[in-house]
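The lines below spell out each chain.
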Amino acid sequence: MSIEYTGINKETVAGEIKNYLDSCPEDTVFKMVINSKRGYLRLKIKNASKNRLKTLIGKLRRKNPGP
């Protein structure tokens with residue numbers, strides 16, 4: 001789900017990020033990207049087990065190309 005806000009102030013941004021973080025379980029692992037040159041912040045929930053599985057499948061595909 002994605003919500004876009006335009007023309008908001010710093011307090012609104014801080015409140016929305018706090019609400020997002022409070023809605024996640026305590027042991028959640030995040031990936032955060034801050035690009036100050038382009039002016040954006042990305043915050044994603046990182047699912048380690050899913051990423052390991054994708055990496056394994058990608059490695060197997062590279063080693064064993066199909067017919």
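Residues numbered from 1 in each chain as written. Predicted model: local features only at pLDDT ≥ 70, side-chain atom pairs only at ≥ 80, totals over all residues. Heavy atoms only, no water.

Visitor: Break down the overall build of the protein chain for me, with residues and values.
Guide: Helix and strand content of the protein chain: two helices and two strands. Its helices and strands taken in sequence order, the protein chain reads α-β-β-α from the N to the C terminus. Looking at the protein chain as a whole, 4% of its 67 residues qualify as buried. Here the analysis covers contacts within the protein chain between residues at least 6 apart in sequence; of these, 10% occur between residues at least 24 apart. Total accessible area on the protein chain stands at roughly 6,700 Å², and carbon and sulfur atoms take up 54% of it. (Helix = DSSP H or I, 4+ residues; strand = E, 2+ residues; numbered from the N terminus. Buried < 20%, exposed > 50% of the residue type's maximum accessible area, 1.4 Å probe, protein only. Contact = heavy atoms within 4.5 Å. Areas by Shrake-Rupley, 256 points an atom, 1.4 Å probe, with all protein chains shown as cover.)

Visitor: Tell me about a positive patch on the surface, residues and numbers included.
Guide: There is a patch of like positive charges on the surface, built from K31, R42, K44 and K46. Examined against the element boundaries, K31 turns out to sit in strand β1 (residues 30–35). With relative accessibility at 44%, the residue K31 sits in the partly exposed group. (Patch = residues over 30% accessible without salt bridge, like charges linked within 9 Å, V, L, I, M, F, W, Y side chains within 5 Å. Salt bridge = Lys/Arg side-chain N within 4 Å of Asp/Glu carboxyl O. Lys, Arg positive; Asp, Glu negative; His and termini not counted. Charge placed at Lys NZ, Arg CZ, Asp CG, Glu CD.)

Visitor: A description of the environment of L21 should follow, citing residues and the corresponding values.
Guide: Along the chain, the position of L21 falls in helix α1 (residues 10–22). On the basis of relative accessibility, which here comes to 37%, the residue L21 falls in the partly exposed class. Each C-alpha atom of the pair L21 and L43 lies 9.8 Å from the other, and the pair is 22 residues apart in sequence.

Distances and angles like these do not, on their own, reveal function.
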